[in-house]
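Letter by letter, the chains look like this.
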Amino acid sequence: ENKKILLTPKALALRWNIKTSTLSQWRWNGRGPCYYKIGRHIRYDLQEIERFEAESLRFNTSQIGVTERPIS
């Protein structure tokens, strides 16, 4: 069975070395990774977090997003 691994905002903040308030601001502004709101609880799917991290990979500051390394 493929069980989802869900992270709390605190766990994600620790993973990224940011404040939980930053995640809260991103949710409010519609930025950052997708999340679940279950009752009063916020949870982040680990697979979505890994996808978000991969999509955030940059090789220089002028890139919008990359899926593979540019040819030099």
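Residues numbered from 1 in each chain as written. Predicted model: local features only at pLDDT ≥ 70, side-chain atom pairs only at ≥ 80, totals over all residues. Heavy atoms only, no water.

Q: I'd love a proper account of the nonpolar core, names of residues and values included.
A: Listed in full, the 10 residues of the largest apolar core are L7, L12, A13, W16, L23, W26, I42, Y44, L46 and I49. For this core, the secondary-structure elements that each account for two or more residues are α1 (9-16), α2 (20-29), β3 (41-45) and α3 (46-55). By residue number, the principal contributor to this core is α1, which donates 3 residues. Excluding residues within four positions of it along the chain, L12 makes contact with L7, L23, P33, Y44 and I49. (Core = buried A, V, L, I, M, F, W, Y, C linked by side-chain atoms within 4.5 Å. Buried < 20%, exposed > 50% of the residue type's maximum accessible area, 1.4 Å probe, protein only. Helix = DSSP H or I, 4+ residues; strand = E, 2+ residues; numbered from the N terminus. Contact = heavy atoms within 4.5 Å.)

Q: How would you sum up the packing of α1 against α2? Please name residues and give values.
A: Running from N to C, α1 and α2 cross one another at 110°; their axes reach a closest spacing of 8 Å. Considering the angle they form, α1 stands roughly perpendicular to α2. Contact with α1, carried on its side by P9, K10, L12, A13 and W16, involves T20, L23, W26 and R27 of α2 and no other residues of that element. Tallied by class, the residues present in the contact of α1 with α2 amount to 6 nonpolar, 1 polar and 2 charged. (Axes fitted to C-alpha atoms, helices over the stretch in contact; angles between N-to-C directions. Parallel < 35°, antiparallel > 145°, perpendicular 65-115°, else oblique. Nonpolar A, V, L, I, M, F, W, Y, C, P; charged D, E, K, R; others polar.)

The values reported here are purely geometric and, on their own, carry no functional implication.
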